[in-house]
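A closer look at the structure
If you want the building blocks of each chain, they are given just below.
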Amino acid sequence: KLDFQEFQVIPEVEDFGIALSVGKEFYRKLQRFLEDRFGKENVSLGDEAGFSAPFKNNEEAIEILAELITKYKYPLRIGLDTAASQFYKDGFYIIDGKKYSAEELKDLYLRLIENYKILSIEDPFYEESFDSFASLTAELRGTNAEQRGKLVITDDLTTTNPERLKTAINKKSG
């Protein structure tokens, strides 16, 4: 029932074997945590092996990931694939029943990035919004050290189309 498409954990270690082990251990602990919190019967796996549970909203899902990462001191960061085209309608973004302009949505993302140390956001705006992508990318390349180095991933924006990729590069959309 969440608006964001995927919530990811990204290992911050160089060794692939260690990254895989950390990911597998985190996955098991996350499953136990979700089952304890929501009841085993209310937690299931999606098509791509992501957990589904009756979260109140998008931020609760992020909060749970951040809480477990901190509690167990995992070398993990959070990534989001918001797939914003899915919740874009008539010039606005509808998240958790609330209407956001592109600028308001950017502010929401910046708050989430700061509060939860999010590393990447994929498809944060409607797939034709090169300028909104560019605005968020510029903000994340600004002077705030906490925000520098964050990634804006342009999957739906560029769609492996050379012309769209060229436009995204020229506008610095991601």
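Residues numbered from 1 in each chain as written. Predicted model: local features only at pLDDT ≥ 70, side-chain atom pairs only at ≥ 80, totals over all residues. Heavy atoms only, no water.

**Examining the packing of aromatic side chains**
Keep this limit in mind: Ring pairs shown here join Phe, Tyr and Trp side chains whose ring centres sit within 6.5 Å, with only the six-membered ring taken for Trp; geometry is labelled stacked below 30 degrees between planes, edge-to-face above 60, and tilted in between. Runs of E in the DSSP output that reach at least two residues are strands. Runs of H or I that reach at least four are helices, and both are numbered from the N terminus. Partly exposed residues are those whose accessible area sits between 20% and 50% of the maximum for their type, while under 20% is buried and over 50% is exposed, using a 1.4 Å probe and protein chains only. Remark: a charge is flagged as sitting over a ring if the NZ atom of Lys or the CZ atom of Arg is within 6 Å of the ring centre and within 35 degrees of the ring normal.
Enumeration according to the criterion identifies 13 aromatic pairs in this entry. Relative to tyrosine 74, the ring of phenylalanine 26 lies with its centre 5.5 Å away and its plane at 85°, an arrangement referred to as edge-to-face. One end of the pair, phenylalanine 26, is in helix α1 (residues 16–38); the other, tyrosine 74, is in the loop between α2 (58–71) and β4 (76–81), with 48 residues separating them in the sequence. In this structure, phenylalanine 26 and tyrosine 74 share a single accessibility class: buried. Seen from their ring centres, tyrosine 109 and phenylalanine 125 are 5.7 Å apart, and the 80° between their planes marks the pair as edge-to-face. Taken as a pair, tyrosine 109 in helix α3 (residues 102–116) and phenylalanine 125 in the loop between β8 (118–122) and α4 (130–140) lie far apart in primary sequence, 16 residues in all. For the pair tyrosine 109 and phenylalanine 125, a shared accessibility class is recorded, and that class is buried. Feature note: the residues Phe4, Phe7, Phe87, Tyr88, Tyr93, Tyr109, Phe125, Tyr126 and Phe133 constitute an aromatic cluster, connected by ring pairs. The ring centre of tyrosine 72 lies 3.9 Å from the NZ or CZ of lysine 29, which sits over that ring. Positioned over the ring face of phenylalanine 92 is lysine 99, at 4.8 Å from the centre of the ring.

**Here we look at the sheet that holds strand β7 (residues 98–100)**
Threshold: By definition, two strands form a pair when at least two bridges between them are found by DSSP. Here, two residues are considered to be in contact whenever any of their heavy atoms come within 4.5 Å of each other. Lines are fitted to the C-alpha atoms to define the axes, a helix being fitted only along its stretch in contact, and any angle between axes, read from their N-to-C directions, falls within 0 to 180 degrees.
In spatial order, the strands read β5-β6-β7; together these three strands make up an open sheet with antiparallel pairing. Lying at the two open borders of the sheet, with one neighbouring strand each, are β5 (88–89) and β7. Summarising the sheet, strand β6 (residues 92–95) and β7 pair through three bridges and their orientation is antiparallel. Looking at the pairing, tyrosine 93 lines up with tyrosine 100 of β7. Across the sheet, α3 is in contact with β6 and β7; its angle to β7 comes to roughly 105°.

**Overview of the environment of phenylalanine 92**
Mapped onto the fold, phenylalanine 92 is located in strand β6. With ten residues separating them along the chain, phenylalanine 92 and alanine 102 place their C-alpha atoms 7.0 Å apart. Phenylalanine 92 has contacts with Phe87, Lys99, Tyr100 and Ser101, leaving out every residue within four places of it along the chain.

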